[in-house]
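# Notes for the structure review
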Amino acid sequence: MAIKISNTTIIDDSKAFINISNTSGIYGDLHASPSVTTSNISVSNAIQTCIMTSNQTFTMSGGAEGRTTALLLDTGTTPYVPTFPSSVKWLVAEPIWANARYWQITFLSRGTYFTASGSGFAGASPTEAVTLDGSTSFPIMNVDMLGINPLEMGWRFKPDGNVYKWQHPNNVAGNGETLYSTATWNNITPSQTYYIKASNYSGSVNLNVQNSSTLNSWIALSAGGPTREFNVYDTRTYGTYGDENCVMKIEISANSSGSPVLATGYYKVDYNGGA
Amino acid sequence: MAIKIAGTEVISNTRAVVNMGSIEGNYTNFHGSVTAITTALDMSKPMMSVTLSGATTFTASNIETGKVALLMMDVTSSGHAPTWPASIHWPMGTEYTWDTTGITKWLVCFTCWDSTTIRATATGWGA
């Protein structure tokens, strides 16, 4: 039977102490029950755990002044990038999340904002490396053929640091977007803004301007930014052309001027015709 | 007379709250009892203390997700060296230099991430 004070339950039938206006004394083996969070950090929960499966923007709640919580954050092997609201004020500066995989973050509510500090633990991410594949003699291949007119296929360089093949699903056995490499173009989630430039290198057809990101210019490529993709787009009927191909030259720099070039790669689109 | 819920004591005759399912509310003067230890770190004890009299190898027990425990450790002016179990991990993989000149008193905070991993931080003082 529950225990009540003035008709308010203070110990319920599950032995939970609730509606406690004040507690004093000494405690021994009394510890917080951890809760799992994916995006919302409540300072009403004493300990929260989060294993990130993608880049994540967190929100804060339960912010009565004086409440504290600890977030045990695993950014994964990628590692993924956490983003916190502007109401979180960091000790000196926001930690560089890419420096470690595991983070222990303490939040203290000041009512309208939260002070926070974080400690990073082992599992530090690998040193960031920007690389590309393929050579002029052996460009990396993406092979497909026209199914439903038109044909579209190419290569995608995404803000997660990975390279993907693109084959429009209307192509014969078109696989849509498929992961080609996590080791290139960046072995981790990019820590800064990089710049990519694509240009036609060789082949019987050229990249399509309308269906590609801007060609022949250094355009930004960064975590949280847009995908950069470079495609061939052919509206001709299958039987009117022979086998076609396009080799694109891809360059990446850390500077918008393109100097110095950090990596150069060659990627090929190859599709069969019926003529 | 002890108070029981469904036959289970929740407040003992010594006014100790026991067998608690959970607690929600506020507290003011509510602090962990301090347990003097020699080598055994018990994550069920919220506040432990030790003064090292020589190089000391610690063990850890009762590791469960979310448990937090503090250790007040005095390495004395001799700078006795503690050795920690492999379950304890330090920020950026680097253990503190416990015998740093002028630093004798350490507050070490242990947080259990799961049933096998403890992540710890420490702050040292000279006096």
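The structure contained in this document is the topic of the report that follows. The model shown is predicted, which means the values in this text are computed figures rather than measured ones. (Residues numbered from 1 in each chain as written. Chains lettered and ligands numbered in written order. Predicted model: local features only at pLDDT ≥ 70, side-chain atom pairs only at ≥ 80, totals over all residues.)

A count of helical and extended segments in chain B gives 0 helices and 14 strands. Listed by position from the N terminus, the elements making up chain B come as β-β-β-β-β-β-β-β-β-β-β-β-β-β. Every one of the 127 residues in chain B was classed for burial, and the buried ones make up 24%. (Helix = DSSP H or I, 4+ residues; strand = E, 2+ residues; numbered from the N terminus. Buried ≥ 20, exposed ≤ 12 C-beta atoms within 10 Å, placed from the backbone.)

Here we come to the overall build of chain A. Within chain A, the regular secondary structure consists of 0 helices and 24 strands. A burial count over chain A gives 32% of its 275 residues as buried. For chain A, long-range pairs separated by at least 24 residues make up 59% of all intrachain contacts whose partners lie at least 6 apart in sequence. (Contact = placed C-beta atoms within 7 Å.)

Here we come to the interface of chain A and chain B. On the side of chain B, 34 residues touch chain A, which itself brings 35 residues to the contact. Looking at the side of chain A that touches chain B, the elements that each hand over two or more residues are strand 3 (16-20), strand 4 (25-27), strand 10 (68-74), strand 13 (102-109) and strand 14 (114-121) of chain A. Ranked by residues supplied to the side of chain A that touches chain B, first place goes to strand 3 of chain A with 5 residues. Among the residues making up the side of chain A that touches chain B, the classes are represented as 19 nonpolar, 13 polar and 3 charged. As defined by bridge partners, strand 3 of chain A adjoins strand 3 (residues 22-25) of chain B across 3 bridges and the pair is classed as parallel. Within strand 3 of chain B, the residue paired with alanine 16 of chain A across the bridge is serine 22 of chain B. (Nonpolar A, V, L, I, M, F, W, Y, C, P; charged D, E, K, R; others polar. Pairing = 2+ DSSP bridges.)

All names here are of chain B. Sheet topology note: the strand 12 (residues 88-89)/strand 14 (residues 118-125) ladder contains 2 bridges and is parallel. From the neighbouring strand, isoleucine 88 faces strand 14, where its bridge partner is isoleucine 118. As defined by bridge partners, strand 13 (residues 105-112) adjoins strand 14 across 8 bridges and the pair is classed as antiparallel. Each bridged residue has a counterpart across the sheet, and for leucine 107 the counterpart in strand 14 is threonine 123.

It is worth spelling out the sheet that holds strand 18 (residues 162-167) of chain A at this point. All names here are of chain A. On the basis of which strands lie adjacent, the open sheet formed by 5 strands has the order 15-19-18-17-22 and antiparallel pairing. Across the chains shown, the open sheet's two edge strands, defined by having one partner strand only, are strand 15 (130-131) and strand 22 (228-234). Where strand 17 (residues 151-157) lies against strand 18, 5 bridges are found, and the strand directions are antiparallel. Within the sheet, the bridge partner assigned to methionine 153 lies in strand 18 and is glutamine 167.

Looking now at the sheet that holds strand 23 (residues 244-253) of chain A. Residue and element names in this part refer to chain A. The strand order 16-24-23-20-21 describes an open sheet built from 5 strands, whose pairing is mixed. Unpaired on one side and paired on the other, strand 16 (140-145) and strand 21 (219-221) mark the two borders of the sheet. Neighbour-to-neighbour, the strand axes of this sheet turn through a mean angle of 35 degrees, independent of strand direction. Alignment of strand 20 (residues 194-203) against strand 23, held across 8 bridges, turns out to be antiparallel. Residue tyrosine 195 lies in a different strand from strand 23, and its bridge partner there is serine 253. (Axes fitted to C-alpha atoms, helices over the stretch in contact; angles between N-to-C directions.)

Next up on the list: the nonpolar core. Counting 39 residues, the largest nonpolar core has Leu71, Ile105 and Phe107 of chain A together with Leu71, Met73 and Phe110 of chain B as the members making the most contacts within it. Those elements that place two or more of their residues in this core are strand 10, strand 13 and strand 14 of chain A together with strand 7 (47-51), strand 10 (68-74), strand 13 and strand 14 of chain B. Those residues in contact with isoleucine 105 of chain A that lie beyond four places of it in its chain are Ala70, Leu71, Leu73, Ala116 and Gly118 of chain A. Core analysis: the second largest hydrophobic core is formed by 26 residues, Leu132, Leu146, Trp185 and Tyr195 of chain A among them. (Core = buried A, V, L, I, M, F, W, Y, C linked by C-beta atoms within 7 Å.)

All names here are of chain A. The pairing of strand 12 (residues 88-90) with strand 14 spans 3 bridges and is parallel. Its bridge partner lying in strand 14, tryptophan 90 is registered against alanine 116. In the sheet, strand 13 pairs with strand 14 via 8 bridges, with the strands oriented antiparallel. Among the inter-strand pairings, serine 109 is bridged to a residue of strand 14, identified as phenylalanine 114.

What follows deals with unusual backbone geometry. In this structure, proline 150 of chain A follows asparagine 149 of chain A across a cis peptide bond, with omega equal to 0 degrees. You can see proline 150 of chain A is positioned in the loop between strand 16 and strand 17. Following serine 259 of chain A, the chain continues to proline 260 of chain A via a peptide bond in cis, the omega torsion being -5 degrees. As for its placement among the helices and strands, proline 260 of chain A is situated in the loop between strand 23 and strand 24 (261-272). Even without being a glycine, threonine 76 of chain B presents a positive backbone phi close to 60 degrees. Along the chain, threonine 76 of chain B falls in the loop between strand 10 and strand 11 (82-83). The residue methionine 92 of chain B is not glycine, and still its phi comes out positive at about 55 degrees. Mapping methionine 92 of chain B onto the fold places it in the loop between strand 12 and strand 13.

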